[in-house]
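Examining the three-dimensional arrangement
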Amino acid sequence: YISMSVRSRSRSASASGTSSAHGAVPAMVMAMVMFAQLSSAFHVGNSHRIAGLRPLSQQLLPPMAEHTTTVSYGGGFGSHPRHHHHITRQRQLTMQLSEQKDRKSLMEDPNPGGRNDFGGNDDGDNSDDSGGLNIIDQFRSWLGSEEGKRDIQTYTISLTIALLLRTIIIEPRYIPSLSMYPTFDIGDQLAVEKVSKRIRPMERKEVVVFYPPSTFREIMDVNYGANSKKSKEALIKRIVAVEGDTVKVTGGKLYVNDEKQDEPFTAEDAAYEFGPVLVPRGDVLVLGDNRNHSLDGHIWGFLPTENVIGRAVFVYWPPWRIGTENLY
């Protein structure tokens, strides 16, 4: 660029008839300005090459060289060396401002520390199943969706049916003691049917689950304190006599209406004497199969039939005890 400007100045001076002394000053000024511009352009060009960008000097230097060549004629476009210096200085300031902006954009790191936060996992999977929602928002979104509405409808219907079945038809029960051994062992679970009690009367030898009568609660309150939880727990026993029957236990055997009862389901003969007594209307007498280890009717009296929850119909747990043996 310097040599071109000097050659251009020489040809212009000879062509226009100007003296060499008059053209030397603009040439020297032009050479100094071009040197400063090239130095700055070289610095900017290298800095942008490092950053992988296009050097600004490629955009700015050609127009500047063209302008310098024109000014070097010593009067082209009515310019003056001082005016040329002023224009060149403005271009330098503009170039420096552009360089500072570029450096600033390179220096500003939008992700300090080099950490990537793409919302994915370590395997590079940027998908997010939750969509950035917390559990509450996901639940609300599920409630508002068609799938959520269908699920809620299904759950509601299933729960309603289950509650109706348990309340009206059948319910599970757990055996916590040995009062009904060997028919039931501790941990046995059985199904209690609740419909037939409404359509047919109680019968002898049936196993029933019931709420304890007031006399039983009084005994439990005396032994375990008032409002004891044990006084409110449902019980399970076997009906041995119904309303109008005369019943007694003597010699270890049960007699109903003076007839000795065959009871293969009992653990052993009774070690107590009881009766004879007449079962009142609306009541039944219940005893445990484990006669000598059962808190039953021979201690607290008769059971009102209205307290009966239902009849035990089969054992479903544990698997090796599944069945209806001795439940009649």
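Summary of the structure given here. Being a predicted model, the structure only gives us computed values, none of them experimental.

1. Here we look at the pattern of salt bridges
A pair can form between side chains of opposite charge whenever their charged atoms are brought close. Here the structure, examined in full by the defined rule, presents eleven salt bridges. Salt-bridge contacts for Arg204 lead to Asp245; the nearest nitrogen and oxygen are separated by 2.8 Å. Of this pair, Arg204 sits in the loop between strand E2 (189-193) and strand E3 (207-210) while Asp245 sits in the loop between strand E4 (235-242) and strand E5 (246-250), and the two are 41 residues apart along the sequence. Taken together, the shared-partner salt bridges connect Arg166, Glu171, Arg173 and Lys194 into one network.

2. Considering the sheet that holds strand E8 (residues 274-278)
Taking strand neighbours across the sheet as the criterion, the four strands line up as E7-E6-E5-E8 in an open arrangement whose pairing is antiparallel. In the strand order of this sheet, the two ends are held by strand E7 (259-260) and E8, each with one partner. Pairing of strand E6 (residues 253-256) with E7, which is carried by two bridges, proceeds in the antiparallel orientation. By the bridge assignment for E7, Val256 is matched with Glu259.

3. Some details on unusual backbone geometry
With an omega of 5°, the peptide bond running from Gly275 to Pro276 counts as cis. Here Pro276 is to be found in strand E8. Residue Pro318 is bonded to the preceding Trp317 through a cis peptide linkage, with omega at 0°. Inspection of the secondary structure assignment puts Pro318 in the segment after strand E11 (308-317). Not every positive phi belongs to a glycine, and Asn257 is a case in point at roughly 55°.

The rules behind these values
- Residues numbered from 1 in each chain as written.
- Predicted model: local features only at pLDDT ≥ 70, side-chain atom pairs only at ≥ 80, totals over all residues.
- Heavy atoms only, no water.
- Salt bridge = Lys/Arg side-chain N within 4 Å of Asp/Glu carboxyl O.
- Helix = DSSP H or I, 4+ residues; strand = E, 2+ residues; numbered from the N terminus.
- Pairing = 2+ DSSP bridges.

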